[in-house]
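Listed here are the chains, written in short residue letters.
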Amino acid sequence: MADEALFLLLHNEMVAGLYRAAEQGEGENGRCTTKLESMGFRVGQGLIERFTKDTARFKDELDIMKFICKDFWTTVFKKQIDNLRTNHQGIYVLQDNKFRLLTQMSAGKQYLEHAPKYLAFTCGLIRGGLSNLGIKSIVTAEVSSMPACKSFLEYSVI
Amino acid sequence: MSRPPGRKQENHKISRELFVLTYGALVAQLCKDYEKDEDVNTCLDRMGYGIGVRLIDDFLARSAVKKCRSYSETTDMIAQVAFKMYLGVTPSVSCSSAAGNEFSLILDKNPLVDFVEELPAERSSLCYCNLLCGVIRGALEMVHLAAEVTFLQDRLKGDAVTEIGITFLRKAEDRKHKRN
């Protein structure tokens, strides 16, 4: 879909622009990730509101996680999460074997050190979406081999 | 639970909303980072340029249009094909110079400002959609058409419509002669 290309390019430019500005300024890498994450948070909040306008109330947290993995992920990234695991004590691991924002970058270990920059926005997106569904969470992500990526979600009900 | 009808269209709408919301978050972040409106505008333009030089490949691949023979054909292509494809709107085109190299795209409906009510008071000279100017400029440059693209009117600043002005500068063909 044409929209996907636009969002992908915008996201890449955002990351590049923020890091470029940081290099010229004080040069603090951590701040850029925080900025991207907070942008994703805001977008996630707004998006989930519009998305769940007409859906039924969720039964429990697992239902919400399944919604995130199927409907939400499909709408945003055109595919479902490949693997969802939980320890039933508040930790969820979402695995996407072909993360849309990383597929164009490499297929292996090349550019692995740059991958976290491109995950920050999506982590914020998930955290924002969950926050507006009443779940306070901490979302982190890791990439061991492009373009597969794992998100770790630790949640607690607000 | 069966899917309600029209879900595909809804998904398409949400996709577009994702882009619009992300753009809004980006502008908000830039406003926090830079104090002056001109800096934000320049930053948006530069980002748009970076997007445009890549978007043109995507556009040409998807639309398979033939080579445009004139500036006016090019502008029509931008308005009727590109805008429709990426933003879902079709601006109207008007030529504003006798020489035939200045055009305006008039947007009645600008999807980028769907969620924006008004610019904050201290940001009165912010060109909220400056990204679009950069995108058009970058895309045109990749097909060897140098152009200046600016906002002539902006609904967010109180004008009736949003108008983007494209001024085609001389083609880069003269450079080829120098090489020989």
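Above this note sits the structure.
Note that the coordinates shown come from a computational prediction; the quantities given were computed from them, not determined experimentally.

**Student:** What is the right way to read the overall build of chain B from this model?
**Tutor:** Along chain B, the regular secondary structure elements total 5 helices and 4 strands. Its C-alpha atoms give chain B a radius of gyration of 18 Å, within 12% of the compact-globule value 16 Å for 180 residues. Counting across all 180 residues of chain B, residues that qualify as buried make up 46%. Approximately 10,100 Å² of chain B is accessible, and the part contributed by carbon and sulfur atoms is 51%. Charged side chains of chain B number 25 positive and 25 negative; the gap between the two group centres comes to 9 Å.

**Student:** Quick question: what am I supposed to make of helix α4 (residues 130–142) of chain B here?
**Tutor:** Each full turn of the α-helix corresponds to 3.6 residues, which orients residues three or four apart in the same direction. Residue and element names in this part refer to chain B. With 13 residues, α4 extends 19 Å from end C-alpha to end C-alpha; this agrees with the ideal 18 Å at 1.5 Å per step. Counting buried residues along α4, 10 of its 13 residues qualify, which places the element largely inside the surrounding structure. Within the sequence span of α4, burial applies to Asn130, Leu131, Leu132, Cys133, Gly134, Val135, Ile136, Gly138, Ala139 and Leu140. Downstream of α4 by one or two residues, histidine 144 has phi in the positive range, about 60°.

**Student:** I'm lost on the pattern of salt bridges in this one. Help?
**Tutor:** Pairing of side chains with opposite charge becomes possible as their charged atoms draw close. Throughout the structure, instances matching the rule amount to 11 salt bridges over all chains. The partner of arginine 100 of chain A in a salt bridge is glutamate 4 of chain A, with the nearest N and O atoms 2.5 Å apart. Of the two residues, arginine 100 of chain A sits in helix α4 (residues 100–103) while glutamate 4 of chain A sits in helix α1 (residues 2–24), which places them 96 residues apart along the sequence. A residue is classified by how much of its surface remains accessible, and arginine 100 of chain A, at 25% relative accessible area, is partly exposed. For the salt bridge of glutamate 17 of chain B with arginine 50 of chain A, the shortest nitrogen-to-oxygen distance reads 2.7 Å. Pair noted here: glutamate 17 of chain B is in helix α1 (residues 7–33) and arginine 50 of chain A is in helix α2 (residues 29–51), and the two residues belong to different chains. Relative accessible area serves as the criterion here: at 33%, arginine 50 of chain A is assigned to the partly exposed category. In this structure, a network of salt bridges that share partners links the residues Lys79, Asp82 and Asp96 of chain A.

**Student:** Sorry if this is basic, but what is going on with the environment of alanine 120 of chain A here?
**Tutor:** On the secondary structure map, alanine 120 of chain A appears in helix α5 (residues 115–132). Sequence-distant contacts of alanine 120 of chain A, defined by excluding residues within four places in its chain, comprise Thr33, Leu36 and Glu37 of chain A.

**Student:** Would you mind showing me how to read the side chain of aspartate 154 of chain B here?
**Tutor:** Residue and element names in this part refer to chain B. Mapping aspartate 154 onto the fold places it in the loop between β3 (147–153) and β4 (162–168). There is no salt bridge for the buried aspartate 154, and the closest opposite charge comes from lysine 157, which lies 4.6 Å off by N-O distance. With sequence-adjacent residues up to four places away left out, aspartate 154 is seen in contact with Tyr128, Asp159, Val161 and Thr162.

**Student:** How do you make sense of the interface of chain B and chain A when you look at a structure like this?
**Tutor:** Often the size quoted for an interface is simply the accessible area lost on bringing the parts together. Chain B puts 31 residues into the contact, and the matching count from chain A is 29 residues. Together chain B and chain A conceal approximately 3,000 Å² of surface at their shared face, both sides included; 69% is due to carbon and sulfur atoms. Among the residues of chain B in contact with chain A, Ile14, Leu18 and Phe19 of chain B are the three that bury the most area, contributing 19% of the side total. Applying the counting criterion to the chain B and chain A interface returns 3 salt bridges. Across the pair aspartate 33 of chain B and lysine 35 of chain A runs a salt bridge whose closest N-O atoms are separated by 3.2 Å.

**Student:** How do you make sense of the state of the cysteines when you look at a structure like this?
**Tutor:** Simply put, the disulfide is a covalent bond whose two ends are the sulfur atoms of two cysteines. All names here are of chain B. Counted according to the given criterion, the structure contains 0 disulfides over all chains. The thiol sulfur of cysteine 31 is not disulfide-bonded, and the nearest other cysteine sulfur, from cysteine 43, lies at 10 Å. Its relative accessible area of 18% is what places cysteine 31 among the buried residues.

**Student:** Please clarify how the sheet that holds strand β1 (residues 92–95) of chain B should be interpreted in this entry.
**Tutor:** By definition, the strands of a sheet pair up through backbone hydrogen bonds, in either a parallel or an antiparallel sense. All names here are of chain B. Pairing is antiparallel in the open sheet, where 4 strands are placed in the order β1-β2-β4-β3. The outermost strands of the open sheet, each flanked by one partner alone, are β1 and β3. On average, each strand axis in the sheet is inclined to that of its neighbour by 25°, with strand direction left out of account. Sheet topology places β1 next to strand β2 (residues 102–107); 4 bridges connect them, and they run antiparallel. Looking at the pairing, valine 93 lines up with leucine 105 of β2. Packed onto the sheet, helix α3 (residues 71–87) meets β1, β2 and β4 and runs at close to 20° relative to β2. With respect to the sheet, α4 is in contact with β2, β3 and β4, its orientation differing from that of β3 by roughly 155°.

Rules used in this analysis
- Residues numbered from 1 in each chain as written.
- Chains lettered and ligands numbered in written order.
- Predicted model: local features only at pLDDT ≥ 70, side-chain atom pairs only at ≥ 80, totals over all residues.
- Heavy atoms only, no water.
- Helix = DSSP H or I, 4+ residues; strand = E, 2+ residues; numbered from the N terminus.
- Rg over C-alpha atoms; globule rule 2.2 N^0.38 Å.
- Buried < 20%, exposed > 50% of the residue type's maximum accessible area, 1.4 Å probe, protein only.
- Areas by Shrake-Rupley, 256 points an atom, 1.4 Å probe, with all protein chains shown as cover.
- Lys, Arg positive; Asp, Glu negative; His and termini not counted.
- Charge placed at Lys NZ, Arg CZ, Asp CG, Glu CD.
- Expected span 1.5 Å × (residues − 1).
- Salt bridge = Lys/Arg side-chain N within 4 Å of Asp/Glu carboxyl O.
- Contact = heavy atoms within 4.5 Å.
- Buried area = accessible area lost by both parts, 1.4 Å probe.
- Disulfide = S-S within 2.5 Å.
- Pairing = 2+ DSSP bridges.
- Axes fitted to C-alpha atoms, helices over the stretch in contact; angles between N-to-C directions.

Function-wise, these values are silent; they only describe arrangement.
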